[in-house]
Amino acid sequence: AQLNPVVLEQGGLRDALEWLARDVSSRGLAVDVDTGDREPARGSPAELALFRAAQEGLNNAVKHAEAERVTVRLRLAEDAWQLAVEDDGVGLSSDGDSGMGLVGVRERVAALGGTRSLSRGGSCGVVMQVSLPHANAKEAQP
């Protein structure tokens, strides 16, 4: 994967998430994307961290979840970006948080003062939630 994907640089996070969804859908997994009406500033560390988190969540769903559907949601809530990647797959194994990709997401997000958590989804599956503080939410792009 490229360090800074062209689709992210040219179209911003919403376009990049839609691009990821189309790519994953082409491999047989239905993906819904709900981005709300705001996104991080182009080129910001938050934008790249959220993109990489979504990418890893989708990759895990494809490789491990045996899922049929994944939902990716992005919101600006209060003063933090909230990203959730939820699948309807088989759930977490006992070592589900030890994969290199998920550890990398946790470390990347922590370096920006955020958190990444994994939990069971509503009807099974896994929900990966990422929260990244946004010092000045007014700077978010509409």
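To keep things clear, this report deals only with the structure shown in the data block. (Residues numbered from 1 in each chain as written. Predicted model: local features only at pLDDT ≥ 70, side-chain atom pairs only at ≥ 80, totals over all residues. Heavy atoms only, no water.)

### Side note on the overall build of the chain
What counts is decided by this rule: Strands here mean DSSP runs of E at least two residues long; helices mean DSSP runs of H or I at least four residues long; both are numbered from the N terminus.
When you go through the chain residue by residue, the secondary structure sums to 3 helices and 5 strands. Reading the chain from its N terminus to its C terminus gives the helix and strand order α-β-α-β-β-α-β-β.

### Thoughts on the pairing of strand β3 (residues 80-87)
In the case of a regular strand, side chains alternate between the two sheet surfaces. So the rule is basically this: The classification of residues rests on relative accessible area computed with a 1.4 Å probe and restricted to protein chains. Under 20% of the type maximum is buried, over 50% is exposed, and intermediate values are partly exposed. Strands pair, by our definition, only if DSSP identifies at least two bridges between them.
Of all 8 residues making up β3, 6 are buried, and the element is well covered by its neighbours. Between strand β2 (residues 69-77) and β3, which pair antiparallel one after the other, the connecting turn spans 2 residues, and E78 there sits at a positive phi close to 55°. The pairing of β3 with strand β5 (residues 126-133) spans 7 bridges and is antiparallel. Of the residues in β5, the one forming a bridge with A84 is Q129.

### Brief notes about unusual backbone geometry
Backbone geometry at E66 places phi at a positive 55°, although glycine is not the residue there. For E66, the position within the fold is in the loop between α2 (45-65) and β2. At E78, a residue that is not glycine, the phi angle is positive and equals roughly 55°. The topology assignment puts E78 in the loop between β2 and β3. By relative accessible area, E78 is classed as exposed at 76%.

### Side note on α2
Worth spelling out the cut-off: Helix span, expected: 1.5 Å multiplied by one less than the number of residues in the helix.
Over its 21 residues, α2 runs 28 Å from end to end, which matches the ideal 30 Å to within 8%, given 1.5 Å per residue. Judged by how many residues are buried, α2 sits mostly within the fold: 16 of 21 residues are covered. E66 lies just past α2 and shows a positive phi near 55°.

### Looking at the nonpolar core
The condition that has to hold: In plain words, nonpolar cores are sets of buried Ala, Val, Leu, Ile, Met, Phe, Trp, Tyr and Cys residues tied together by side-chain atoms within 4.5 Å. Contacts are residue-level and defined by heavy atoms, with any inter-residue pair within 4.5 Å sufficient.
Counting 32 residues, the largest nonpolar core has L50, V72, L83, V130 and L132 as its most contacted members. For this core, the secondary-structure elements that each account for two or more residues are α1 (6-25), α2, β2, β3, α3 (100-111) and β5. With 10 residues, the single largest contributor to this core is α2. If we ignore the near neighbours within four places in the chain, the residues touching L132 are A46, A49, L50, D79, A80, W81, V109, L112 and G114.

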